[in-house]
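Structure at a glance
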Amino acid sequence: MGMLSKKPKLENEVNSENIKEAKGIFLKPKQEIVSKSAAQIIHEQHGNMAPSARMAMTRRVHPLVSLNPYQGNWTIKVRVTSKGNMRTYKNARGEGCVFNVELTDGDGTQIQATMFNEAAKKFYDRFELGKVYYISKGTLRVANKQFKTVQNDYEMTLNENSEVEEASDEAACIPETKFKFVPIDQLGPYVNSKDLVDVIGIVQSVSPTMSIRRKSNNETVPKRDIVVADETKKTVVVSLWNELATTVGQELHDIADKSPVVAIKSLKVGDFQGISLSTLGKSIVQVNPVISESKKLRNWYDSEGKETSMASVGSGLSPSTKSGGRSMYSDRVSLAHITSNPSLGEDKPAFFSIRAYISFIKPDQSMWYRACKTCNKKMTDALG
């Protein structure tokens, strides 16, 4: 009774011990370890990535604001916010083709890139409006103020050796097309100016497509006129040319009875009928864009605009023609144009118009003086 009984072993435990005694314990064979350098590992990782991802990891992306003509290798990540048409040219060195794009990076900085001849043919179909790309191996130079269309001191040139790769996986961080809208009643200072404007308005009417014959090459091009209005209660005629007349122009024609909102980037301001607008090859037209300005304009039009009397912004102005007539806005400048240019008028007189308000009148100085009736010279008290 004082003895302890042993707990019987389970059958599987007995069999396990027998196996160990009979065969011994077998260890898992040691795996062969292959040492790799960090460079090899990175190379293998890069090989499994898409081209755009490889470019992003191997090169540091530079913001557009940091680029200059003296910089070495760089890579930028940009969205195509404007794409021009392919154009042909002829000069003393021969014939060729050219087209340009406007590029915007994540900070909202813009730059114009131009491609000639072989580079133009190579990249024209590759660049698509609205898509994001990694670009490298381009060159920069100081922008020609006469032809530049974006606010950047430099412009870019891409050649056939430049690298352009789509970055569709990282498109969200680059802003879409940015507008700087000019109210319709403030278009006057831009008449016949080199500056282009952006306009947003409610479509009032859309004309049928017309065929216009160019005097330069006798070529026939399509044109369509639309009339737009905004909260300034002014209207202006916008001429849509070429593909814009037949594509988005037809879309606007089909929904004109719904008074759609239209936002147009890069318009040329002319003086036909006082003030008029025309699209260019680089112009962008968006119908009912999802932006705050569009919502605000729609609310105004639905609440009061549709019942408001509208007037043409160019009414009462004489168009500038070769016969000598001109718009009252054609030579209007701002005061900053004068104060920022100290050499203005040194070589020859400068004439311009200014619209301003009187902010101060010096009370201790008369606005006139006594003059001699005969010679019109100023009279002094000594002369009586």
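Preceding this section is the structure that the text describes.
Let me sum up the structure you'll find in this document. (Residues numbered from 1 in each chain as written. Predicted model: local features only at pLDDT ≥ 70, side-chain atom pairs only at ≥ 80, totals over all residues. Heavy atoms only, no water.)

1. Considering the nonpolar core
Applied cut-off: Residues enter a nonpolar core if they are buried and are Ala, Val, Leu, Ile, Met, Phe, Trp, Tyr or Cys, with the set joined through side-chain atoms within 4.5 Å. Between buried and exposed lies partly exposed: a residue is buried under 20% and exposed over 50% of the maximum accessible area for its type, with that area taken using a 1.4 Å probe on protein chains only. Helix numbers and strand numbers start at the N terminus; a helix is a DSSP run of H or I with at least 4 residues, a strand a run of E with at least 2. Contacts: residue pairs with any heavy atoms within 4.5 Å of one another.
Counting 25 residues, the largest nonpolar core has L187, I226, V236, V238, L240 and L277 as the members making the most contacts within it. Sorting the residues of this core by element identifies β9 (197-206), β11 (220-229), β12 (234-241), α5 (243-246), α6 (248-254), β13 (261-270) and β14 (276-287) as the ones contributing at least two each. Once you skip the residues sitting within four places of it in the chain, I226 turns out to touch S205, V206, V236, V237, V238, L240, L252, V262 and I264. Listed in part, the 23 residues of the second largest apolar core include V80, F99, A113 and L140.

2. Thoughts on the side chain of K265
We count it as follows: In the analysis that follows, any N or O atom pair within 3.5 Å is treated as a polar contact, provided that within protein one partner can donate a hydrogen and the other can accept it, and provided that, for residues neighboring in sequence, both atoms belong to side chains.
Inspection of the secondary structure puts K265 in strand β13. Take K265: its relative accessible area is 9%, and that puts it in the buried class. Within the structure, K265 has its side chain in polar contact with the side chain of D198 (distance 3.4 Å). Setting aside anything within four residues of it in sequence, one finds K265 in contact with E102, T177, K178, F179, V197, D198, S283 and I284.

3. As for the packing of aromatic side chains
Heads up, the condition is: Side-chain rings of Phe, Tyr and Trp (the six-membered ring for Trp) are treated as a pair once their centres are within 6.5 Å; stacked means planes under 30 degrees apart, edge-to-face means over 60, and tilted covers the remaining angles. Definition used: whenever NZ (Lys) or CZ (Arg) falls within 6 Å of the ring centre and also within 35 degrees of the ring normal, the charge is taken to sit over that ring.
Here the structure, examined in full by the defined rule, presents six aromatic pairs. Relative to Y124, the ring of F99 has its centre 4.9 Å away and its plane inclined at 80 degrees; by these criteria the two rings are edge-to-face. Highlighted residues: F99 in strand β3 (residues 94-104) and Y124 in the loop between α4 (117-123) and β5 (132-136), separated in sequence by 25 residues. The interplanar angle of 75 degrees and the centroid separation of 5.2 Å between the aromatic rings of F127 and Y133 together place this pair among those described as edge-to-face. As far as burial versus exposure is concerned, F127 and Y133 are alike and both buried. Over the ring of Y124 we find K83; its NZ or CZ atom is 4.1 Å from the centre of that ring.

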